[in-house]
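Each chain is listed here by its residues.
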Amino acid sequence: MEKDGVELVRRSSGGGTVYHDLGNTNFTFLSPLNDYNKNRNTAIVCRALETFGIRGGSTGRNDIVVDGLKVSGSAYRISGLKAFHHGTLLLHADLDALRGYLNVNKPTLKSKGVESIRMPVVNLRTYNDALNHDTVSEAIIEEFFNTYDEVGDVEDLDHEKLKQEPLLNETFQKLQDWKWRFGETPQFEHTLAQEFEWGKLEIGLHCEDGKIVRSRVDCTNPDAQRLLVTSLSQNLTGATYDEAGVSSALETTTNDLVTEKDSALDLITDIKRWLRASL
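Rules behind the numbers
Residues numbered from 1 in each chain as written. Predicted model: local features only at pLDDT ≥ 70, side-chain atom pairs only at ≥ 80, totals over all residues. Heavy atoms only, no water. Helix = DSSP H or I, 4+ residues; strand = E, 2+ residues; numbered from the N terminus. Rg over C-alpha atoms; globule rule 2.2 N^0.38 Å. Buried < 20%, exposed > 50% of the residue type's maximum accessible area, 1.4 Å probe, protein only. Contact = heavy atoms within 4.5 Å. Areas by Shrake-Rupley, 256 points an atom, 1.4 Å probe, with all protein chains shown as cover. Lys, Arg positive; Asp, Glu negative; His and termini not counted. Charge placed at Lys NZ, Arg CZ, Asp CG, Glu CD. Pairing = 2+ DSSP bridges. Axes fitted to C-alpha atoms, helices over the stretch in contact; angles between N-to-C directions. Polar contact = N/O pair within 3.5 Å; in protein donor to acceptor, adjacent residues only side chain to side chain. Phe/Tyr/Trp six-rings, centres within 6.5 Å; stacked < 30°, edge-to-face > 60°. Salt bridge = Lys/Arg side-chain N within 4 Å of Asp/Glu carboxyl O. Left-handed = near helix turned anticlockwise from the far one by under 90°. Nonpolar A, V, L, I, M, F, W, Y, C, P; charged D, E, K, R; others polar.

Draft legend 1. Quick peek at the overall build of the chain. Of the regular secondary structure elements, the chain holds 9 helices and 10 strands. A globule of 279 residues ought to have a C-alpha radius of gyration of about 19 Å, yet the chain, at 24 Å, is considerably larger. By principal-axis analysis of the C-alpha atoms, the chain measures approximately 80 × 40 × 30 Å. Taken over 279 residues, the chain has a buried fraction of 37%. Counting contacts in the chain only where the partners sit at least 6 residues apart, residues at least 24 apart contribute 60% of the total. Surface accessibility of the chain: about 16,900 Å² in total, with carbon and sulfur atoms responsible for 50%. In the chain, which carries 31 positive and 43 negative side-chain charges, the distance between the mean positions of the two groups comes to 6 Å.

The following block contains the structure:
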């Protein structure tokens, strides 16, 4: 993702991971808790789609499907006396990129977080190529007004407006912080394996709150096993689960091996290149 310039953002509503690009429109309904109604919100979006000749239906999870294919997923949060319901709308998203980033290798990555229910997806432009962000947004706003039989002013919120609203700006800054993005993640295990010319290496990482709390290193090459197991495992434990943390652990391991023969440094060079590309 970093190589492709795809930013990782964590949302406060939790739930499964979604992929966003300019072909995906997002909606949010904010309401007092005593008037919170997810079904009503979903119906507003479905009626907006009907104005384009698209008949969508709601699943039990308030996802929206067309012809059995998912076009929208939702997530929710209740905080005190307020609640919100937000969701996606696939207009003309890059579905190959979506599948590439969201389909993980399950045998190597196991999490205790809430898992998404996977469904095949489709872009709404498949059914009407007149859809775009502006036309869909206008249709949803119109259906919102019709539902509540009231018309309000539409306010555009951009980055300049954001800077002028202290609470919004504070939230924006929090969402960019490493501690929020990675430091409060659920426990997960990541197992990585690679075949090198000098043998097969397997590294297991157990992570909590964005840090590696336990690690194991196994290698089919006895010399590499002797050199790497203790040093690399110890240095990975306690490191942050990101490129900077793993790179620091690898540099420390390199320093531990400077008294060994050159072949040991060749091993760690191979491992550096592999791990930095894999995490």
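Draft legend 2. Main features of the sheet that holds strand S6 (residues 82–90). Pairing is antiparallel in the open sheet, where 3 strands are placed in the order S1-S6-S5. For this open sheet the edge positions go to strand S1 (24–32) and strand S5 (74–79), each flanked by a neighbour on one side alone. The mean angle between the axes of side-by-side strands here comes to 15°, regardless of whether they run parallel or antiparallel. Bridge count for S1 against S6 is 9 bridges, and the pairing is antiparallel. Its bridge partner being in S6, Asn26 is matched across the sheet by Thr88. Contacts from helix H1 (residues 38–50) reach S1, S5 and S6, with the element oriented near 30° to S6.

Draft legend 3. A look at the environment of Glu251. As for its placement among the helices and strands, Glu251 is situated in helix H8 (residues 243–256). For the pair Glu251 and Leu275, spaced 24 residues apart in sequence, the C-alpha to C-alpha distance is 12 Å. Excluding residues that lie within four positions of it along the chain, Glu251 makes contacts with Lys272 and Arg276. Here Lys272 takes part through its side chain, which lies 3.0 Å from a polar atom of the side chain of Glu251.

Draft legend 4. Quick peek at the pairing of strand S10 (residues 211–219). Judged from the 8 bridges that link them, strand S9 (residues 199–208) and S10 form a sheet pairing that is antiparallel. The partner of Ile203 across the bridge, within S10, is Val217. Joining the antiparallel neighbours S9 and S10 is a turn of 2 residues, in which Asp209 adopts a positive phi near 50°.

Draft legend 5. Local environment of the packing of aromatic side chains. Inspection of every chain in the model, using the stated rule, returns 9 aromatic pairs. Taken together, a centroid distance of 5.8 Å and an interplanar angle of 65° make the contact between Phe27 and Phe29 edge-to-face. On the basis of relative accessibility, which here comes to 8%, the residue Phe29 falls in the buried class. Plain terms: the ring middles of Trp178 and Phe182 are 6.0 Å apart, the flat faces sit at 35° to each other, and that makes the pair tilted.

Draft legend 6. The arrangement of unusual backbone geometry in detail. Phi at Asp67 is positive, roughly 55°, even though this residue is not glycine. If you trace the backbone, Asp67 turns up in the loop between strand S3 (64–66) and strand S4 (69–72). Within the chain, Asp149 stands out as a residue other than glycine whose phi angle is a positive 50°. Topologically, Asp149 is positioned in the loop between helix H3 (133–148) and helix H4 (159–164). Judged by relative accessible area, which is 72%, Asp149 ranks as exposed.

Draft legend 7. Broad picture of the pattern of salt bridges. Tallied over the entire structure, the rule returns 12 salt bridges. Close ionic contact of Arg40 with Asp35 constitutes a salt bridge, the shortest N to O distance being 3.2 Å. Judged by relative accessible area, Arg40 falls into the partly exposed class, the value being 23%. Across the pair Lys163 and Glu160 runs a salt bridge, and its minimum N-O distance is 3.5 Å. Of this pair, Lys163 and Glu160 both sit in helix H4, 3 residues apart, which is roughly one turn of that helix. Linked by salt bridges that have partners in common, Glu155, Lys161 and Glu165 make up one network.

Draft legend 8. Structural detail: the packing of helix H7 (residues 222–236) against H8. Between H7 and H8, whose axes approach to 8 Å, the crossing angle comes to 150°. Handedness of the H7/H8 crossing: right-handed. Contacts from Ser231, Leu232, Asn235 and Leu236 of H7 reach H8 at Val246, Ala249, Leu250, Thr252, Thr253 and Asp256. Considered class by class, the residues forming the contact of H7 with H8 number 5 nonpolar, 4 polar and 1 charged.

Draft legend 9. Here's a closer look at the environment of Val151. As for its position among the elements, Val151 is in the loop between H3 and H4. For the pair formed by Val151 and Ile141, sequence separation is 10 residues and the distance between their alpha carbons is 9.3 Å.

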